[in-house]
Amino acid sequence: MDFINENLLTILILLPVFGALFTLGHALYWKEEKDLKWLTLIFTVGNFIVSLLLLGKHTASAGGFWFEKNVPWIKAINTNYHVGVDGLSIWLVILTTFIMPIAVVSTWHAVEKRRTAFYVFLLLLESAMIGVFVSLDLLVFYLFFEASLVPMFFLIGIWGGENRIYSAVKFFIFTALGSLLMLVAIIALYYYYAKATGGAGTFDFVVLLNALKSGKQLFSVQAGSLLFLAFALAFSIKVPLFPFHTWLPDAHTDAPTAGSVILAAVLLKMGTYGLMRFNFALFPDAARDWAPVFITLAIIGIIYGALVAMVQPDVKRLVAYSSVAHMGFVVLGMFSFTEQGMQGALYQMLNHGVSTGALFLLVGFIYERRHTRQITDFGGLANVMPLYSTIFVITTMSSIGLPLLNGFVGEFLIMIGMWKSTILSTANGWNYNYIATMLAGTGVIFAAVYLLWMVQRVFFGKVTNPKNKGLKDLSWREIGLILPLMVLMVYMGVFPKPFLNKSRDAVVAIQQRVVGQAGGTIDKADATPKAEH
């Protein structure tokens, strides 16, 4: 059992890689592609079951991380294979392993060509995404961050829609070029540490953080601001934050259903996770200085995303623009620098993965039947597909933020946190946090408008298109796919305590790091994590 605890995160990273190799070998030697989906499902379900061990009893290391493993990797440049999880990353790892089997089963009848490559890319993508959330060495983090682009590029470019090549290239260029500046910043931190200590440089996040906490001046204020922006650009593109969002609607629209589900549920969270983990911890002063800019962009994204979603003729593209608005709420909560706002931001990451992932699944179900996503091609579906319509409406309510469903908890915490924040207060007594909160609140209203208007046009009224009269309702496979997400929507809306309790220590530590560091006081910058959970 000690061996498993010490290597649990490595197992989670490598199990999908072994699955990809086994799947590839099976296809090469047995030539039975129909078995590949079952093999992929076995490995993804197995990885999910293994990931649940993260919720067991564990002891925190000196740095506050669980299941930590730190061994030398490339000694010449003093980089280590250093992984660990805490309350910030544990739920994102479990969300990744939870969503992957659902993504695999969603392709059961949708992927007809190059199945071997498709399932291999899915498994490699899972490995890279888990690696992003558990890496505590900046160079290793960067490698996993970039590695996640390649499988998604091929998933969109080979199995995507009509404009798949354009969308795949746009996705890759946006995210890869943005990450290059982050690589420059990582290398700069390496040399700054070497210069400040007179020894070897380091890419280790925990070592860099401890040096900063101890009061060591690794870089100037101006350099810190530039480093913050370099990291923030890469993460803002990934979120995506307005105005770096233009790749997302195209990628979502042309991606296969499994790709859209993974993109919404997990890949976008890499951006918000990176901002909270690295930008806030390493550059707290710059985070406070630039907070008004990020809050402004988040509010613009919330309103802009909602207004553009309102006029979309394509259901999938409408849901894609809703992601821009919802992720704007996440960024808003993070930069409130209050416990409620930052807890709400992390919770909303999980909510968005569940609710929007479910919406993309449901859009995929109807596309497999009608091979169209145009709203005008539907109408009156509640008459012929009552079960599908009921589930779609419930999922829509979750996305809007109806009380007793998961979306409400996250948005409510974010709004409360932003209202209580003082980050936009001025010396003359003006507090613009109230205005920011009220503007963001209009996004909730707009969300109800564009989602309910879409539901009205697609599901209610008479069946006007003869092609819709013979549509079959959900199969048992499709019910089994959507049911776990429905259960989570209700459970997370009614009983959020287990999720919030698990993440509280890590979130408060980061929040106090930003609040405490500003003004030069470091001694009270961190909350002491509990030794056992």
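Throughout this document, residue positions are counted from 1 along each chain, in the order its sequence is written. It should be noted that, the model being predicted, local features are given only for residues of pLDDT at least 70 and side-chain atom pairs only at 80 or more, the latter also being counted only at that level, while totals for whole chains, interfaces and linings use all residues. The basis for the side-chain values is all heavy atoms of the structure; hydrogens and waters are excluded.

Participant: Break down helix H13 (residues 284-310) for me, citing the residues and quoting the values.
Facilitator: The helix count covers DSSP runs of H or I at least four residues long, the strand count covers runs of E at least two residues long, and both are numbered beginning at the N terminus. Here the expected length of a helix is defined as 1.5 Å per residue gap, with one fewer gap than residues. The terminal C-alpha atoms of H13, which comprises 27 residues, lie 37 Å apart, in line with the 39 Å expected from a rise of 1.5 Å per residue. The angle between axes fitted to the seven residues ending at a residue and the seven residues starting there is what we call the bend at that residue. The largest bend in H13 comes to about 50°, at Trp290, with the proline Pro292 one to four residues further on.

Participant: Outline unusual backbone geometry, listing residues and values.
Facilitator: The amide bond that connects Val239 to the next residue, Pro240, takes the cis arrangement and shows omega of -5°. Tracing the sequence through the fold places Pro240 in the loop between helix H9 (221-238) and helix H10 (247-254). Omega for the bond connecting Phe242 with Pro243 falls within 30 degrees of zero, at 5°, which places this linkage in the cis form. If you trace the backbone, Pro243 turns up in the loop between H9 and H10. A positive phi angle, near 55°, is found at Asn78, a position not held by glycine.

Participant: Help me get a handle on the packing of aromatic side chains, residues and values and all.
Facilitator: Only rings of Phe, Tyr and Trp enter the pairing, Trp through its six-membered ring, and a pair is recorded when the two centres are within 6.5 Å. The plane angle decides the type: under 30 degrees is stacked, over 60 is edge-to-face, the rest tilted. Going through the model one piece at a time under the given rule, you end up with 39 aromatic pairs. With centroids separated by 4.7 Å and ring planes inclined at 10°, the aromatic side chains of Phe294 and Phe335 adopt a geometry described as stacked. Here Phe294, found in helix H13, pairs with Phe335, found in the loop between helix H14 (315-334) and helix H15 (339-370); they are 41 residues apart in sequence, far enough to count as distant. Exposure class is identical for Phe294 and Phe335. Each is buried. For every residue, the accessible area (1.4 Å probe, protein chains only) is compared with the maximum for its type, and the residue is labelled buried under 20%, exposed over 50%, or partly exposed between those bounds.

Participant: Please set out the domain arrangement of the chain residue by residue, giving values where relevant.
Facilitator: We note that the domain assignment places domain 1 (1-282) and domain 2 (284-526) within the chain. Residue ranges assigned to each domain were obtained from an automatic or database domain assignment. For domain 1 versus domain 2, the separation of C-alpha centres amounts to 22 Å. Residue contacts are counted whenever heavy atoms from the two residues lie within 4.5 Å of one another. Contacts between the two partners involve 55 residues from domain 1 and, on the opposite side, 52 residues from domain 2. Throughout, buried area stands for the accessible area (probe radius 1.4 Å) lost by two parts on being put together, summed over both. Both sides of the domain 1 and domain 2 interface together cover about 4700 Å² of buried area, and 77% of this is carbon and sulfur. Considering only the surface of domain 1 that becomes buried against domain 2, Trp91, Phe242 and Phe280 emerge as the three largest contributors, covering 16% of it. We define a salt bridge as a side-chain nitrogen of Lys or Arg found within 4 Å of a carboxyl oxygen belonging to Asp or Glu. Put simply, domain 1 and domain 2 have one salt bridge between them. With a shortest N-O distance of 3.1 Å, Asp250 and Arg317 are connected by a salt bridge. For the side of domain 1 that touches domain 2, the elements supplying multiple residues, two or more each, are helix H3 (90-105), helix H8 (205-213), H9, H10, helix H11 (257-267) and helix H12 (269-282).

Participant: Account for the environment of Gly131, naming residues and giving values.
Facilitator: Examined against the element boundaries, Gly131 turns out to sit in helix H4 (residues 115-134). In the structure, Gly131 is positioned 38 residues away from Val93 in sequence and 9.0 Å away in space, judged by C-alpha atoms. Filtering out sequence-adjacent residues up to four positions away, Gly131 remains in contact with Ile13 and Phe144.

Participant: Outline the nonpolar core, supporting the account with residue identities and numerical values.
Facilitator: Counting residues in each nonpolar core, the largest one holds 190 residues, and the members touching the most others are Leu54, Phe205, Phe280, Phe335 and Leu485. A total of 15 residues in this core trace back to one element, the largest contributor, which is H15. Discounting residues that sit within four places of it in the chain, Leu485 has contacts with Phe98, Ile99, Ile102, Val354, Ala358 and Leu361. One finds Leu15, Ala20, Val120 and Leu123 within the second-largest nonpolar core, a separate group that totals five residues. As used here, the term nonpolar core means buried Ala, Val, Leu, Ile, Met, Phe, Trp, Tyr and Cys residues forming a set that is joined through side-chain atoms within 4.5 Å.

Participant: Give me the environment of Ala185: which residues, what numbers.
Facilitator: Turning to its location among the elements, Ala185 is positioned in helix H7 (residues 164-197). Each C-alpha atom of the pair Ala185 and Leu229 lies 9.1 Å from the other, and the pair is 44 residues apart in sequence. When sequence neighbours within four positions are dropped, the list of residues in contact with Ala185 reads Leu227, Ala230 and Phe231.

Participant: Which residues make up the side chain of Ser398, and what are the values?
Facilitator: Within the fold, Ser398 resides in helix H17 (residues 386-400). The contact partners of Ser398, leaving out residues within four places of it in the chain, are Ser355, Leu405, Asn406, Gly407 and Met489.

Participant: Any details on the side chain of Thr96? Residues and values, ideally.
Facilitator: Looking at the secondary structure, you find Thr96 in helix H3. Judged by its relative accessible area of 0%, Thr96 falls in the buried class. Once residues lying within four places of it in the same chain are set aside, the contact partners of Thr96 are Glu126, Met129, Ile130, Phe133 and Val266.

Participant: Give me the pairing of strand E2 (residues 79-85): which residues, what numbers.
Facilitator: Across the seven residues that make up E2, a large majority, seven, are buried. Pairing geometry for strand E1 (residues 66-74) and E2, over six bridges, is antiparallel. Within the sheet, the bridge partner assigned to Trp66 lies in E2 and is Val85. Any two strands are treated as partners once DSSP identifies two or more bridges connecting them. Hairpin connection between E1 and E2: a loop of four residues separates the two successive antiparallel strands, and Asn78 in this loop has a positive phi of roughly 55°.

Participant: Now, about the confidence of the model for the chain: what can you tell me, with residues and values included?
Facilitator: Every residue is assigned a pLDDT by the predictor, reflecting its confidence on a scale from 0 to 100. When pLDDT is averaged across the chain, the result is 88; 94% of the residues are at 70 or more. Under a pLDDT of 50 for its full length, residues 518-533 has, in the predicted model, 38 contacts with residues more than four places off or in other chains.

Participant: Outline the pattern of salt bridges, supporting the account with residue identities and numerical values.
Facilitator: On inspection of all chains with the given rule, the structure shows eight salt bridges. Between Arg369 and Glu478 there is a salt bridge whose closest N-O contact spans 2.7 Å. Remark: Glu478 occurs in helix H20 (residues 476-494) and Arg369 occurs in helix H15; sequence separation between them is 109 residues. Under the relative-accessibility criterion, Arg369 is labelled partly exposed at 23%. Three or more residues joined by partner-sharing salt bridges are found here, namely Glu368, Arg369, Arg477 and Glu478.

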